[in-house]
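# Reading the structure
Residue-level listing of the chains:
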Amino acid sequence: MIRAGLARQLRAHGTFIGLALLFALVLLFFGLATPRFWSFGTFQSVAYQLPELGLLTLAMLLPILSGGLNLAITFTANIAALAMAAIIQAGGGPEAGIGFVLLGVVAALGVGILVGWVMGVIVAFIGAHPILVSLAMMIFLGGLGEFLTRGGDISGFPPFVARIGHGTLFGIPIPLWLFLLAAAFWQLMLSRTKFGFSVYMLGSNPEATRYSGIDTRRVLVLVYVLSGLMSALAGILMLTRFNSVRVGHGEAYLLITVLACFLGGVDPFGGFGRTLAVVMALVILQTVASGLNLMGAHQHLATALWGLFLLATMIARWIWLRWRGQGP
Amino acid sequence: MPERQSPLARLAPRSTEAWLALVILLLAGFLGIATDTFLTLTNLFDLLNISAFNVILALGLLVVLVAGGIDISFAVAASVVQYLVAVTVMAIGGGNWALGILLAAGFGCLLGAINAALIHYCRIISIVVTIATFNVFFGLLMFTTRGRSIYNLPDWWLDRIILLEIETRSGFAFLTLPVLVMACMVLATWLLLNRLNLGRQLYAMGDNPDGARRIGIDIAAMHFLAYGWLGACAGIGGLMQAHYVQEVVPNALYGRELDVLAAVVLGGARLGGGRGTVLGTILGVALVTMTANGLNLLGVSPYAFKMVVGLVILVAITMSNLQGLEQLWRRLRRRPVAEAGR
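These figures come from a predicted structure and were not determined experimentally.

Here is what the cut-offs are and how they apply
- Residues numbered from 1 in each chain as written.
- Chains lettered and ligands numbered in written order.
- Predicted model: local features only at pLDDT ≥ 70, side-chain atom pairs only at ≥ 80, totals over all residues.
- Heavy atoms only, no water.
- Helix = DSSP H or I, 4+ residues; strand = E, 2+ residues; numbered from the N terminus.
- Buried < 20%, exposed > 50% of the residue type's maximum accessible area, 1.4 Å probe, protein only.
- Contact = heavy atoms within 4.5 Å.
- Lys, Arg positive; Asp, Glu negative; His and termini not counted.
- Charge placed at Lys NZ, Arg CZ, Asp CG, Glu CD.
- Rg over C-alpha atoms; globule rule 2.2 N^0.38 Å.
- Areas by Shrake-Rupley, 256 points an atom, 1.4 Å probe, with all protein chains shown as cover.
- pLDDT = per-residue confidence, 0-100.
- Phe/Tyr/Trp six-rings, centres within 6.5 Å; stacked < 30°, edge-to-face > 60°.
- Lys NZ or Arg CZ within 6 Å of the ring centre and 35° of its normal.
- Expected span 1.5 Å × (residues − 1).
- Polar contact = N/O pair within 3.5 Å; in protein donor to acceptor, adjacent residues only side chain to side chain.
- Salt bridge = Lys/Arg side-chain N within 4 Å of Asp/Glu carboxyl O.
- Pairing = 2+ DSSP bridges.
- Core = buried A, V, L, I, M, F, W, Y, C linked by side-chain atoms within 4.5 Å.
- Axes fitted to C-alpha atoms, helices over the stretch in contact; angles between N-to-C directions.
- Parallel < 35°, antiparallel > 145°, perpendicular 65-115°, else oblique.
- Left-handed = near helix turned anticlockwise from the far one by under 90°.

### Here we look at the overall build of chain A
For chain A, the count of helices and strands is 13 helices and four strands. Seen through its principal axes, chain A has C-alpha atoms that stretch 70 × 60 × 35 Å. Taken over 328 residues, chain A has a buried fraction of 55%. Sequence separation of 24 or more characterises 80% of the internal contacts of chain A that already satisfy a separation of 6 or more. Distance between charge centroids for chain A: 16 Å, based on 17 positive and 8 negative side chains.

### Considerations on the overall build of chain B
Helix and strand content of chain B: 16 helices and two strands. Since a compact globule built from 342 residues should have a radius of gyration of about 20 Å, the 22 Å found for chain B is in line with a globular shape. The principal-axis extent of the C-alpha atoms belonging to chain B is close to 75 × 55 × 40 Å. Put simply, chain B has 342 residues, and 52% of those count as buried. A fraction of 77% describes how many contacts in chain B between residues 6 or more apart in sequence connect residues 24 or more apart. Looking at chain B as shown, the accessible area adds up to about 15800 Å², and 64% of this sits on carbon and sulfur atoms. Between the averaged position of the 22 positive side-chain charges in chain B and that of its 17 negative side-chain charges there is a distance of 15 Å.

### Here we look at the confidence of the model for chain B
Residue and element names in this part refer to chain B. Confidence along chain B averages 85 in pLDDT terms, with 93% of residues attaining 70 or more. Counted against residues more than four places away or in other chains, residues 337–342, with its pLDDT under 50, gives three contacts. If you check the scores for this complex, the pTM reads 0.84 and the ipTM reads 0.81.

### Some thoughts on the environment of Leu141(A)
Residues and elements named next belong to chain A. Tracing the backbone through its elements, the reader meets Leu141 in helix α5 (residues 130–149). With relative accessibility at 3%, the residue Leu141 sits in the buried group. Each C-alpha atom of the pair Leu141 and Asn293 lies 30 Å from the other, and the pair is 152 residues apart in sequence. In this structure Leu141 touches Phe75, Thr76, Ile79 and Val115, once residues within four positions along its chain are discounted.

### Thoughts on the packing of aromatic side chains
Evaluated as defined, the whole model comprises eight aromatic pairs over all chains. For the pair Tyr121(B) and Phe224(B), a centre-to-centre distance of 6.1 Å together with 50° between the ring planes defines the contact as tilted. One end of the pair, Tyr121(B), is in helix α5 (residues 97–121); the other, Phe224(B), is in helix α11 (residues 219–245), with 103 residues separating them in the sequence. Centre to centre, the rings of Trp156(B) and Trp157(B) are 5.6 Å apart; their planes meet at 10°, and the pair counts as stacked. Like Trp156(B), the residue Trp157(B) is buried in the burial classification. The rings of Trp97(B), Trp156(B) and Trp157(B) are connected pair by pair, giving a single aromatic cluster. Across from the ring centre of Tyr211(A), 5.2 Å away, lies the NZ or CZ of Arg210(A), which sits over that ring. The ring of Tyr244(B) has Arg160(B) lying over it, and the distance from NZ or CZ to the ring centre is 5.6 Å.

### Quick look at α11(B)
All names here are of chain B. Between its first and last C-alpha atoms α11 spans 39 Å; for 27 residues at 1.5 Å apiece the expected length is 39 Å, and the two agree. Within α11, 22 of the 27 residues are buried, which leaves it mostly tucked inside the rest of the structure. For α11, the side-chain oxygen to backbone nitrogen distance between the N-cap and Ala220 is 3.2 Å, and the N-cap itself is Asp218. Phi turns positive, to about 65°, at Gln246, one or two residues after α11.

### Section: the pattern of salt bridges
Side chains carrying opposite charge are able to pair once their charged atoms draw close together. Following the criterion strictly, the structure yields six salt bridges over all chains and no others. With a shortest N-O distance of 4.0 Å, Arg246(A) and Asp153(A) are connected by a salt bridge. Note that Arg246(A) is positioned in strand β4 (residues 244–246) and Asp153(A) in strand β1 (residues 153–155), a separation of 93 residues in sequence. Judged by relative accessible area, Arg246(A) falls into the partly exposed class, the value being 34%. Ionic pairing is found between Arg270(B) and Asp207(B), a salt bridge with its closest N-O pair at 3.5 Å. Taken as a pair, Arg270(B) in the loop between α12 (256–266) and α13 (278–297) and Asp207(B) in helix α9 (residues 197–207) lie far apart in primary sequence, 63 residues in all. According to the relative accessible area criterion, Arg270(B) is partly exposed, its value standing at 33%.

### Notes on the side chain of Ser79(B)
All names here are of chain B. One can find Ser79 in helix α4 (residues 74–91). One polar contact links the side chain of Ser79 to the main-chain carbonyl oxygen of Pro250, over a distance of 3.4 Å. Aside from chain neighbours lying at most four places away, what touches Ser79 is Leu141, Val249, Pro250 and Leu253.

### Things to note about the pairing of strand β2 (residues 171–176) of chain B
Here six bridges tie strand β1 (residues 162–168) of chain B to β2(B), and the two strands are oriented antiparallel to one another. In the strand pairing of β2(B), Ile166(B) is matched with Ala173(B).

### Side note on the side chain of Thr313(A)
Assignment of secondary structure puts Thr313(A) in helix α13 (residues 299–326). At 2.7 Å, the side chain of Thr313(A) forms a polar contact with the backbone oxygen of Phe309(A).

### Here's the deal with α12(B)
Counted residue by residue, α12(B) has nine buried out of eleven residues, so it is predominantly covered. Three or more residues of α12(B) are buried, namely Glu257(B), Leu258(B), Val260(B), Leu261(B), Ala262(B), Ala263(B), Val264(B), Val265(B) and Leu266(B).

### Looking at the nonpolar core
Ranked by internal contacts, the top residues of the largest apolar core, which has 223 residues, are Trp186(A), Leu310(A), Leu65(B), Val85(B), Trp157(B) and Leu202(B). Top element by residues in this core is helix α3 (residues 41–66) of chain B. It accounts for 15 residues. The residues touching Leu310(A), leaving out its near neighbours within four places in the chain, are Leu255(A), Leu259(A), Phe262(A), Val128(B), Ile131(B) and Ala132(B).

### So, unusual backbone geometry
All names here are of chain B. The backbone of Arg123 sits at a positive phi, close to 55°, despite the residue not being glycine. By the element assignment, Arg123 lies in the loop between α5 and α6 (126–145). Overall, the relative accessible area of 58% leaves Arg123 in the exposed class. The residue Gln246 is not glycine, and still its phi comes out positive at about 65°. Among the secondary structure elements, Gln246 is positioned in the loop between α11 and α12.

### Remarks on the packing of α3(B) against helix α8 (residues 177–195) of chain B
Residues and elements named next belong to chain B. Remark: α3 packs on α8, axes separated minimally by 8 Å, with the N-to-C direction vectors making an angle of 20°. One way to sum up the angle between α3 and α8 is to call them roughly parallel. In this structure, α3 meets α8 at a crossing whose hand is left-handed. On α8, the residues touching Leu48, Asn49, Ala52, Val55, Ile56, Leu59, Leu62, Val63 and Val66 of α3 are Pro178, Val179, Val181, Met182, Met185, Val186, Thr189, Leu192 and Leu193.

Rendered as structure tokens:
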């Protein structure tokens, strides 16, 4: 009886229990591996670096839930930040007033929405595969960025811009506030609105969703628009954090966003997955990243480890599903 | 609702291949007029020499796409194979072309089999597996080699083999070994996909995996065949690329997978499986290569190249379903009415 009850609990909350165990393991491992791990510095690095990765992961989560994928998130972020940088430069660079910066933010968000809209329309109306569409968009945006910047950096922003990326509000870093707000918004949207429900339905059975009277094309377009918007927000944040824009910045995040979604229990085919679990997965991954950094791991070795981590996650998921399928 | 064919759709060429051939002819005509170097034998032979590597990889990727999968790890896998072959032949002190090709195909197959095993036995979707193996292959390669290149390759690997040499007014035009290997791979892939029962099974699996399983197709074998074929193509392509540039550089092929994927998809292979031809793939690579070459000859900044390729694919995707485009247009025009009626 007790065993059956435990098994039921485990099945219902398996993702959360698994993630909590994994987090404990990660903390234990790095704590033993490097004595400097248990310090305020580690906490700080996680708190400041999590938000960029987090916003990009939210941008990836929505398309995956709808049964697609958005491979263009990092370059959308770059191009949006580029638009913002261009407007700040036009407003006088370091002497630009707050008006220009705000205008830049609006322009960046607009670029994100536009990019997302184009992808959404092609996916929804042309019926092309999201992987293909977002890949083509990624090649295009990457090329556009290279063409515009000639592979260089763009910097020279007013000092208060950098303060947004490094400042705190009530003791909590401003980027973290931004991420928490965005995550809360995603959580509410996905669990409490008609649109959120439609996204889940679309991911699990597009035909049935269409027959039940939902305008699936409109939902799909909105999914990619929101994904583009969230990518743009990540781009703005990266601009304030690095005080510069470089196309290709954050390219390595792409793998980690996919990893965070699947580690957080999101179904790769769409339809299932919770924002809260993905946020938990993010905290674990950022802790691992900071820990590896602290240990001075070789950059390319870290790349390989991320790849292995993704494979291990998917294999664990497969074993878990088999066990659950055959369990009592 | 009865299917209504739009006048636009009726005018369009029937097949992707016909579309591509038309675009390529127009582009060649334009470049021939706009530049005085494009339509020379030297330039055309050079295009063949350069694109041999891309065609070989594209053929492998075509097989995977036909089978309903996708792979982005193959270009990095080609780099790994270059290293493995270089280290092996240097360890046994020499070797020759036959051994080199055998080793390259073998190592490539092995790397492909890793992908196939993860996709088939662990039921992970192919894009996720290959994103992971892309990073594992590249990370481990850069870590173990510390980013060092190999220049002292054996002589047989480095010696230029010229198949055909023609003297023209603008200099010597010559075809090299990679073009011959490319031709062999084209023939082999065509035979596999069109003349062998195995090829038809690949199309069947890509079109409808459940149906294929129920009529008794060995899905595991098909996965290993498709990814193994791509691996072998990547290995042989890598061997040719190292021969062409006379060195092995660990990150030389990083990012090439996107160009190749773009070309194959332009050639009409469908993500999701079941569709794609060898001819279309070759035309796709030809279009991408010609676009790059043309931009170069026209004096356009090389920075613009990727942008143009991305744009060409986006337009090609959009043009692939003109009815969808019309529906979008109608909806945009009638948006207020449609919303009121909903």
